[in-house]
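Below are the chains, spelled out letter by letter.
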Amino acid sequence: MITKGLTVNLCALLSLTLPLTVAAAEYPDPERFRAAIDAFNAEADVPRGAVVATGSSSMRGWHGRIEEDLAPLTIVPRGFGGSNMYDVRYFLDDLVLKHKPRAVMIYEGDNDAALGATTEQVMLNLDAIIEEIHYYLPETRVYVLAVKPSISRWQIWSEMQNTNRAMQRLAKRHPLVTYVDVAAPMLGDDGAPKPEIFIGDNLHMNEAGYDIWRDAVRAVVVASEAPDE
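Residues numbered from 1 in each chain as written. Predicted model: local features only at pLDDT ≥ 70, side-chain atom pairs only at ≥ 80, totals over all residues. Heavy atoms only, no water.

Draft legend 1. Region of interest: the overall build of the chain. Scanning the chain from N- to C-terminus turns up ten helices and five strands. The buried share among the 229 residues of the chain stands at 52%. For the chain, contacts bridging at least 24 residues in sequence account for 77% of all contacts bridging at least 6. (Helix = DSSP H or I, 4+ residues; strand = E, 2+ residues; numbered from the N terminus. Buried < 20%, exposed > 50% of the residue type's maximum accessible area, 1.4 Å probe, protein only. Contact = heavy atoms within 4.5 Å.)

The structure is reproduced here in structure tokens:
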């Protein structure tokens, strides 16, 4: 588990684990989200054995309808806008482990790519998240949502695709990890992001975008988890 309260220079950390040919991006201090995490921790009567849904603003923006979209599943919404995969790793105890969920949904990688993080960095953190989840909760299932395409970040879509392929490979070799492709249905026939599914910033989704996520996630997560509800 990562020690909280320390300012982490991830460049130094990753230089010990990544190939020398990979230029490591420096992640910001996760403590910038302390207030959001404290607000989560202040919630009363959070169910155990449910499905925790965590990740960046795309997950946070789903909070208003995710329980309806994924009914009958009991969802613990834990999206925090602006976060990245390292932030989830850092706050994993508060976001996930303390709730002892039977399943976890993670959406990250979007902001990682915008920071300049490589696929190797994203996967290093995702691997650590999964390892820690299964150390404490060995039967918990992990659903990794694909990094989504967007108009505003289309110039870095190739790196995001690399990350999605790496996530798919991880899921194929890990029996408790499932890749959920929310990305492909967000692309039009021309191979570009559908403009009608985004709000004005061309990054975050509108209701039509979340309709796509609902359908993609229901087909995988609800189909798998509903029998245990």
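Having put the structure on the table, let's press on.
Draft legend 2. Local environment of the pairing of strand E3 (residues 103-107). With five of five residues buried, E3 lies mostly within the body of the structure. Going residue by residue along E3, you find Ala-103, Met-105 and Tyr-107 tucked away on one face and Val-104 and Ile-106 tucked away on the opposite face as well. One ladder, built from five bridges, connects strand E1 (residues 51-55) with E3; its direction is parallel. Paired with Gly-55 across the strands is Tyr-107, a residue of E3. (Pairing = 2+ DSSP bridges.)

Draft legend 3. Just the confidence of the model for the chain, in detail. Residues at a pLDDT of 70 or more form 90% of the chain, whose mean pLDDT is 91. Note on residues 1-23: pLDDT is under 50 here. Beyond four places in sequence and across chains, it has 43 contacts. (pLDDT = per-residue confidence, 0-100.)

Draft legend 4. Inspection of the sheet that holds strand E4 (residues 141-145) at higher detail. Ordered in space as E2-E1-E3-E4-E5, the five strands form an open sheet in which the pairing is parallel. Of all the strands in the sheet, the pair left with one neighbour each is strand E2 (75-79) and strand E5 (177-180). Across this sheet, the average inter-strand angle for adjacent strands is 20 degrees, counted without regard to direction. Together, E3, E4 and E5 form the strand contacts of helix H8 (residues 119-136), whose direction differs from that of E4 by roughly 160 degrees. The strands that helix H9 (residues 157-173) touches are E4 and E5; relative to E5, the one it contacts most, it runs at about 145 degrees. (Axes fitted to C-alpha atoms, helices over the stretch in contact; angles between N-to-C directions.)

Draft legend 5. Fine view of the pattern of salt bridges. Per the counting criterion, the structure on display carries 15 salt bridges. A salt bridge links Asp-69 to Arg-65; its shortest N-O distance comes to 2.6 Å. With respect to class, Asp-69 is no different from Arg-65; both count as buried. Among the salt bridges present, the one from Arg-153 reaches Asp-110, with a minimum N-O distance of 2.7 Å. (Salt bridge = Lys/Arg side-chain N within 4 Å of Asp/Glu carboxyl O.)

Draft legend 6. Main features of the side chain of Ser-57. Its location among the elements puts Ser-57 in helix H3 (residues 57-60). There is a polar contact of 2.9 Å between the side chain of Ser-57 and the side chain of His-204. When residues no more than four places from it in sequence are discounted, the contact partners of Ser-57 are Phe-80, Gly-81, Gly-82, His-204 and Tyr-210. (Polar contact = N/O pair within 3.5 Å; in protein donor to acceptor, adjacent residues only side chain to side chain.)

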